[in-house]
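Read off the chains here:
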Amino acid sequence: MTSIDTKQQLISAFCDFLPATAVLFKDEDLHPYECDGLSAYRQIPMIVVLPESINEVQRIIKICHQKNIPVIARGAGTGLSGGALPLADGVLLSLARFKEIINIDPLARTARVQPGVRNLAISEAVKEHGLYYAPDPSSQIACTIGGNVAENSGGVHCLKYGLTVHNILKLDIVTIDGELITIGSEALDSPGYDLLALMTGSEGMLGVIVEVTVKLLPIPEQAKVIMASFDDVFKAGNAVANIISAGIIPAGLEMMDKLAIKAAEDFIHAGYPLDAEAILLCELDGSSIEVNELIPLAEKVLQESGATETRLAKDDIERARFWQGRKSAFPAVGRMAPDYYCMDGTIPRRELANVLKRITDLSKEYDLPVANVFHAGDGNMHPLILYDANIEGELERTEEFGARILEACVEAGGTITGEHGVGMEKIDQMCVQFKSAELSQFHAIKNAFDPDGLLNPGKAVPTLHRCAELGAMHVHHGRLAHPELPRF
């Protein structure tokens, strides 16, 4: 049977229970799904389906399972590691129409939501109860909760309030054979293996998320932000460690270097100092008594760490503007070059200054500018490498530069990703971080959930053969080419 025959059979099978508008198969309808936020790699899927109910998801997956067709689940497509990249012979399962907040329980401080609900929409819906959902990725206005779970997303407030895995209680999952299972519970803990943590960050490789029960927190009585300016980026890095060492746990502790400051200030006019080499945004929240006690302590630590100026946001409007500049850093940097490549490594806080120096040295070596934006409090780095994909070979050089940054993170005792996931972007660096015994266990888990390898194949976990191939080629700085994928 030819691939055309298979495609026609699938279209016919899906149209038996889905409306025609929910089964996309023409090129002009498929192009919007050819990539996620990692736009350097693109692939037109065979078919896109847009179900509206759990039953429809189950039927779609059962058909794909029976016909041995790969399935890639997709949320809003804001991911930055190629985790939602389609396959030419696969079905892309969009959860975009699953956007209902099913139930809010203000007494239990929980909300049951469908995976297509936007991150920010949860906090907006529960604000009237004095509650909010803590994880807040920079893309929270667009990213969806299902994708947040798949990537274990964080955000600027994850230092104090944790990542997605710390803020969910229960998941409803459709397995590769179409069964609906529940993982976790509405209690604070449940018996058995911690499959909730396993599923969070699994990048669509173990099941398709169709419902999420999230924890809600009371909106803090007060929140204040200090902006500290530094004439040396390494002093700013050391100040992060000094804040934590002083026993102060900020709600958010973010860092931006000079290039990122300029980009954000030109874009948002947040009031950032353009003469600073780096700034830290240190937010303290809680009761008014607690915040008012901690603010002068934090200012003292920052000043003793070499801050040339500390500025306390005078009101909530200025506080929001400070954060708007930080959360707009990625699109702001996008105005400075034709393209940028966003990295995502995590290191121990004590190594922040050392790894920053390493990035500076690599930037000079590759002659590519870097704007550094960090969730500095938890060591999650987002170097943005500026380049021009129209220049032949520059994308490959940028990827090699990025790979060396990730390897520097591993050498410093860190990891190759903090919240963006591995996807296909960092799959070769998995071979740097993990040995064959560890990778074998990853494959064993995958096999337990998806023995035929149909859920998001080729992502997150490299094959042992690929790692051996990398080793044989002595590829330590960069990746093997993916000739099957069009590159832009």
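Given the structure is predicted, the values throughout are model-derived calculations rather than measurements.

1. Let's talk about the sheet that holds strand 2 (residues 47-49)
Consideration 1: If you walk across this open sheet you meet the four strands as 1-2-4-3, and the pairing is mixed. The two strands at the open ends of the sheet, each matched to only one other strand, are strand 1 (23-24) and strand 3 (71-74).
Consideration 2: Relative to strand 2, helix 1 (residues 3-15) is tilted by about 15°, and along the sheet it contacts strand 1, strand 2 and strand 4 (91-94).
Consideration 3: Against the sheet, helix 3 (residues 54-67) contacts strand 2, strand 3 and strand 4, and its axis sits at roughly 165° relative to strand 4.

2. Overview of the packing of helix 1 against helix 3
Consideration 1: It is the contact of helix 1 with helix 3, at a shortest axis distance of 10 Å, that shows an interaxial angle of 155°. By the angle between their axes, helix 1 is roughly antiparallel relative to helix 3. Relative to helix 3, the crossing made by helix 1 is right-handed. Note on element contacts: helix 3 touches helix 1 through I60, I63, C64 and K67, opposite Q9, L10, A13 and F14.
Consideration 2: Split by residue class, the contact of helix 1 with helix 3 holds six nonpolar, one polar and one charged.

3. Here's the deal with the state of the cysteines
Chemically, a disulfide is nothing more than a covalent bond linking the sulfur atoms of two cysteines.
Consideration 1: Per the counting criterion, the structure on display carries one disulfide.
Consideration 2: Between the sulfur atoms of C431 and its disulfide mate C467 the distance is 2.0 Å. The S-S bond linking C431 to C467 shows a torsion near -80°; that makes this disulfide left-handed. Residue C431 is found in helix 15 (residues 430-433), and its partner C467 is found in helix 17 (residues 464-472); the two are separated by 36 residues along the sequence. Each member of the pair C431 and C467 is classed as buried.
Consideration 3: Free of any disulfide, C15 has its nearest cysteine sulfur in C64, 13 Å distant.
Consideration 4: Here C342 stays unpaired: no disulfide links it, and the sulfur of C409, its closest cysteine neighbor, is 12 Å away.
Consideration 5: On the basis of relative accessible area, C342 is assigned to the buried category, the value being 7%.

4. Regarding the sheet that holds strand 5 (residues 101-105)
Strand pairs in the sheet, formed through backbone hydrogen bonds, run parallel or antiparallel to each other.
Consideration 1: Ordered in space as 5-6-10-8-9, the five strands form an open sheet in which the pairing is antiparallel. The two strands at the open ends of the sheet, each matched to only one other strand, are strand 5 and strand 9 (180-184). Going from strand to strand, the sheet's axes swing by 15° on average, the running direction of each strand aside.
Consideration 2: Bridge analysis of strand 8 (residues 168-174) against strand 10 (residues 208-215) gives six bridges, and the strand direction is antiparallel. Paired with L171 across the strands is V212, a residue of strand 10.
Consideration 3: Here helix 4 (residues 119-126) sits on the sheet in contact with strand 5, strand 6 (110-113) and strand 10, set at roughly 45° to strand 5.

5. Some details on the side chain of H375
Consideration 1: Note that H375 resides in strand 18 (residues 370-375).
Consideration 2: The exposure class of H375 is buried, given its relative accessible area of 2%.
Consideration 3: Among the polar contacts listed, one links the side chain of H375 to the side chain of E419, at a separation of 2.8 Å.
Consideration 4: In this structure, H375 is in contact with G155, V156, L253, E254, R326, N380, H382 and E419, ignoring residues within four places of it in sequence.

Cut-offs used in this document
- Residues numbered from 1 in each chain as written.
- Predicted model: local features only at pLDDT ≥ 70, side-chain atom pairs only at ≥ 80, totals over all residues.
- Heavy atoms only, no water.
- Pairing = 2+ DSSP bridges.
- Helix = DSSP H or I, 4+ residues; strand = E, 2+ residues; numbered from the N terminus.
- Contact = heavy atoms within 4.5 Å.
- Axes fitted to C-alpha atoms, helices over the stretch in contact; angles between N-to-C directions.
- Parallel < 35°, antiparallel > 145°, perpendicular 65-115°, else oblique.
- Left-handed = near helix turned anticlockwise from the far one by under 90°.
- Nonpolar A, V, L, I, M, F, W, Y, C, P; charged D, E, K, R; others polar.
- Disulfide = S-S within 2.5 Å.
- Buried < 20%, exposed > 50% of the residue type's maximum accessible area, 1.4 Å probe, protein only.
- Polar contact = N/O pair within 3.5 Å; in protein donor to acceptor, adjacent residues only side chain to side chain.

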